[in-house]
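The chain contents come next:
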Amino acid sequence: MNEFVTVKTIDEMGMIAAAIFESEIRKKPDIVLGLATGSSPISLYKELAKLHQEDELDFSKVRTVNLDEYVGLNGEHPQSYRRFMNENLFDHINIDKKNTHVPNGMANDLAQECKRYDDLIEELGGIDVQLLGIGPNGHIGFNEPSDEFSNCTQAVPLAKATIDANARFFEDESEVPREAITLDIKHIMHARKIVLIATANKEEILKKALFGNITPRVPASALQLHREVTVIFSEGE
Ligand code: GLP
C-alpha cells in the first residue's frame, strides 16, 4: 500500500476517488477500468458523471470490466450489477455500452463464462485501475474467505456474512442469490493501480486486511503485496 487517505464524509471519499480516476482517464483515454458495485462507489460514480457533464471528461474510448455479478439475475433485474452500473454510471456518461463488461450471471455454462471473462481481460491488455470496496468479512469482489487465493474468474457460493449484508437490497433475505461470478484475486492483483474505498462500518476489517496477516481467510489482505494501492477511508457512513 502506498497511500491511505482518511476523509470525513462519503461525498469527500467520492471526490478524491473521482480525482484519481479523472487524472488516469485524461492520461489514457482508452483506459481499462475495473469497476465495483455496492453502496461505497455511489458517490464516486456521481462525481464521475458530474465531471463528464460539467468538465467534459470523455469516456468514449474507456473500457470497463466489472468485478462480479450474481448468478441467476439477468441484466434487467433491479439488483443485478449490470443494472446497477447502467443506472449509477453508464447511463450518465458518454461510454459506449459495448465497451462495458459485466459477467453474465445467466450463462448456462458458468465455467465457460468465467473463461470468457478471463480471455476478455487478456484481450483488453489487463486492468489499468481497479476500484474495490470491501465486504464485512474482508472479501473483495465476491472472493470470500477461503483456503487459498483464487487465480481465475469463478462462480462461487456466497458466504453467510455476505448474504446477510446484501439482504438490505432485496425484499427478503431468501431472494439474495446464493452464488456469484467473481473476478479472482490474481487478476485484481495484476491491475496496475488499485483504489480501495471503505466507510466507517468497515474500519475493523479494513485494519485487519491492511495491517494483519496476509491470508486467504481475509481476501483483501492480498493487497498488502500490491505496489500501488490507494485506500480512501470515510469516517462517515
Ligand atoms: C458486495 C460486492 C463487493 C463490495 C461489497 C461491499 O458484496 N460484491 O464488490 O465491495 O459488497 O459493499 P458496500 O459498499 O455496499 O458495503
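Residues numbered from 1 in each chain as written. Predicted model: local features only at pLDDT ≥ 70, side-chain atom pairs only at ≥ 80, totals over all residues. Heavy atoms only, no water.

Draft legend 1. Geometry of the site of the ligand. Surveying the vicinity of the ligand reveals 14 residues, the closest of which are Ser39, Ser40, Asp68, Arg168 and Lys202. Arginine 168 places a side-chain nitrogen or oxygen 2.9 Å from an oxygen atom of the ligand. Burial of the ligand by the surrounding chains reaches 95%, relative to a free accessible area of 390 Å². More than half of the atoms belonging to the ligand lie within 2 Å of the grid points that define the largest pocket. (Near = heavy atom within 4 Å. Polar contact = N/O pair within 3.5 Å; in protein donor to acceptor, adjacent residues only side chain to side chain. Areas by Shrake-Rupley, 256 points an atom, 1.4 Å probe, with all protein chains shown as cover. 1 Å grid on protein atoms, 1.4 Å probe; cavity = no way out; pocket = protein on both sides within 12 Å on 5 of 7 lines; lining within 4 Å. Sits in = over half its atoms within 2 Å of the grid points.)

Draft legend 2. Structural context of helix H2 (residues 42-55). Between the first and last C-alpha of H2 there are 19 Å, a value that for 14 residues agrees with the 20 Å anticipated at 1.5 Å per step. All of the buried residues in H2 are Ser43, Leu44, Tyr45, Glu47, Leu48, Ala49, Leu51 and His52. Elements in contact with the buried residues of H2: helix H1 (10-27), strand E2 (32-35), helix H3 (81-88) and strand E6 (129-132). Directly after H2, the chain includes glutamate 56, whose backbone phi takes a positive value near 55°. (Helix = DSSP H or I, 4+ residues; strand = E, 2+ residues; numbered from the N terminus. Expected span 1.5 Å × (residues − 1). Buried < 20%, exposed > 50% of the residue type's maximum accessible area, 1.4 Å probe, protein only. Contact = heavy atoms within 4.5 Å.)

Draft legend 3. Region of the structure containing the layout of surface pockets. For the largest pocket, the calculated volume is near 630 Å³. Lining the largest pocket are 34 residues, and of these Thr37, Gly38, Ser39, Asn166 and Arg168 sit closest to its centre. Elements supplying a minimum of two residues to the lining of the largest pocket: strand E4 (68-70), H3 and helix H5 (160-166). Partitioned by chemical class, the residues of the lining of the largest pocket number 15 nonpolar, 14 polar and 5 charged. (Points joined across faces, edges and corners; volume = space filled by probe spheres on them. Nonpolar A, V, L, I, M, F, W, Y, C, P; charged D, E, K, R; others polar.)

Draft legend 4. Local environment of the sheet that holds strand E7 (residues 154-157). Judged by pairing direction, the sheet is antiparallel, and its 3 strands sit side by side in the order E4-E8-E7 without closing on themselves. Strand pairing shows two members of the sheet lacking a second neighbour, E4 and E7, which therefore form its edges. Sheet twist, expressed as the average angle between the axes of neighbouring strands with direction ignored, equals 25°. Here E4 runs beside strand E8 (residues 179-182); their pairing, made up of 3 bridges, is antiparallel. Residue pairing in the sheet places aspartate 68 in a bridge with threonine 182 of E8. The sheet strands contacting helix H4 (residues 110-124) are E7 and E8, and the helix crosses E8 at an angle near 25°. (Pairing = 2+ DSSP bridges. Axes fitted to C-alpha atoms, helices over the stretch in contact; angles between N-to-C directions.)

Draft legend 5. Region of interest: unusual backbone geometry. The residue glutamate 56 is not glycine, and still its phi comes out positive at about 55°. Mapped onto the elements, glutamate 56 comes out in the loop between H2 and strand E3 (63-66). Relative accessible area serves as the criterion here: at 68%, glutamate 56 is assigned to the exposed category.

Draft legend 6. Layout of the pattern of salt bridges. Following the criterion strictly, the structure yields 15 salt bridges and no others. Its salt-bridge partner being glutamate 22, residue arginine 26 comes within 2.8 Å of it at the nearest N-O pair. In this pair, arginine 26 and glutamate 22 both sit in helix H1, 4 residues apart, roughly one turn of the helix. For arginine 26, a relative accessible area of 44% gives the class partly exposed. Measuring nitrogen to oxygen at the nearest pair gives 2.8 Å for the salt bridge that ties aspartate 119 to lysine 115. Residue aspartate 119 and its partner lysine 115 are both found in helix H4; the two are separated by 4 residues, about one turn of the helix. The exposure class of aspartate 119 is partly exposed, given its relative accessible area of 32%. Each member of the salt-bridge network shares a partner with another, and the members are Lys28, Asp128 and Arg192. (Salt bridge = Lys/Arg side-chain N within 4 Å of Asp/Glu carboxyl O.)

Draft legend 7. Up close: the sheet that holds E6. Across the sheet, which stays open at both edges, the 7 strands sit in the order E1-E10-E9-E6-E2-E3-E5 with parallel pairing between neighbours. The outermost strands of the open sheet, each flanked by one partner alone, are strand E1 (3-7) and strand E5 (100-101). In this fold H4 packs onto E2, E3 and E5, with an angle of close to 150° to the strand it touches most, E3.

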